[in-house]
Amino acid sequence: VARPGLYEMPFGISLGELLESAGGVNGHLQALLVGGAAGALVGPEALGTRMSMEDMRAAGLPLGSGVVMVFNRTRDLGEPIRRIARFFAHESCGKCYPCQLGTQRQTEILERAAAGAAMPGDRQRLLDQAGMQCSPQGQDVVVEVVAAVVQRAAADTVLRALPDAQIRARARLQ
């Protein structure tokens, strides 16, 4: 944004109004990370969404901490996604295997993709993490948080350059 900073705004302001309050986006908007690291990535289509519990819930988005990070098209979304994945892999309490191992596997897949060494099926493995459930008590929150971010962005953004067909072809050459 033109004027990065900390903004305290009233409930009900739209994401677009928030960006305008910060001077607008430098360049073309690629995505917003709403709700903090445990939030969700959304595209420009969400600019009309109002930052209220009801409106964010209706849009399927977390309000979370209220943090909104803005990424223009010059930013590679893979880097912040990998950083978030590493954070949650490190912060996993280790009480359940889907969380303990799932966040590590997500990080490994994202790191491989960034290094140009994605393996066949990595996209699907990444998406499969979103379906993992640890317990009915909700202890699966870390895997779900990372999976939500990964599912919304990484599978389409980070791995888009390496569709499974290209990954299979590369594997045959090795």
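Check the entry above for the structure.
Numbers given for residues are sequential positions, taken from 1 along each chain in its written order. Local features in a predicted model are, by the rule used here, given only for residues with pLDDT of at least 70; side-chain atom pairs are given and counted only at 80 or more, and totals for whole chains, interfaces and linings are based on all residues. Working from all heavy atoms in the structure, the side-chain values ignore hydrogens and water.

Caption draft 1: Summary view of the overall build of the chain. Here a helix means four or more residues in a row that DSSP labels H or I, a strand means two or more in a row labelled E, and each is numbered from the N terminus. From N to C terminus, the chain includes seven helices and three strands. In the chain, the succession of α and β elements from N to C terminus is α-β-β-α-β-α-α-α-α-α. The buried share among the 174 residues of the chain stands at 41%. Any two residues whose heavy atoms approach within 4.5 Å are treated as being in contact. Contacts in the chain between residues far apart in sequence, at least 24 positions, make up 62% of those at least 6 positions apart. Note on classification: 1.4 Å probe, protein chains only; a residue is buried when its accessible area is under 20% of the maximum for its type, exposed when over 50%, partly exposed between these limits.

Caption draft 2: The sheet that holds strand E1 (residues 29-34), seen in detail. At least two bridges found by DSSP between two strands is the condition for calling them paired. Spatially, the three strands line up as an open sheet ordered E2-E1-E3, and their pairing is antiparallel. Two strands bound the open sheet, and with one partner strand each, they are strand E2 (40-42) and strand E3 (68-72). Going from strand to strand, the sheet's axes swing by 20 degrees on average, the running direction of each strand aside. With five bridges joining them, E1 and E3 adopt antiparallel strand pairing. By the bridge assignment, Leu33 is partnered in E3 with Met69. The angle between two axes is taken between their N-to-C directions and runs from 0 to 180 degrees, where each axis is a line fitted to C-alpha atoms and a helix contributes only its stretch in contact.

Caption draft 3: Local environment of the side chain of Asp122. By secondary structure assignment, the location of Asp122 is in helix H5 (residues 122-129). Polar contact is defined as a pair of N or O atoms within 3.5 Å, subject to the rule that within protein one atom must be able to donate a hydrogen and the other to accept it, and that residues adjacent in sequence are counted only when both atoms are side-chain atoms. A polar contact of 2.9 Å, which involves the side chain of Asp122, links it to the side chain of Arg125.

Caption draft 4: Structural detail: the packing of aromatic side chains. To pair, rings of Phe, Tyr and Trp, with the six-membered ring standing in for Trp, must have centres within 6.5 Å; the planes then decide the type, stacked if under 30 degrees apart, edge-to-face if over 60, and tilted in the middle. Inspection of every chain in the model, using the stated rule, returns one aromatic pair. Here the aromatic rings of Phe87 and Phe88 are separated by 5.0 Å at their centres, their planes lie at 75 degrees, and the arrangement is edge-to-face. On the basis of relative accessibility, which here comes to 44%, the residue Phe87 falls in the partly exposed class.

Caption draft 5: Just the nonpolar core, in detail. For this analysis, a nonpolar core means a set of buried residues of the types Ala, Val, Leu, Ile, Met, Phe, Trp, Tyr and Cys, connected via side-chain atoms within 4.5 Å. Within the largest apolar cluster, 13 residues are counted, with the highest numbers of intra-cluster contacts made by Leu15, Leu32, Val34, Val42, Met51, Met56 and Leu61. Sorting the residues of this core by element identifies helix H1 (15-21), E1 and E2 as the ones contributing at least two each. Excluding its chain neighbours within four sequence positions, the residues that come into contact with Val34 are Leu15, Gly39, Ala40, Val42, Met56, Pro62, Val67 and Val68. By size, the runner-up hydrophobic cluster in this structure holds 12 residues, among which are Leu41, Leu77, Phe88 and Ile109.

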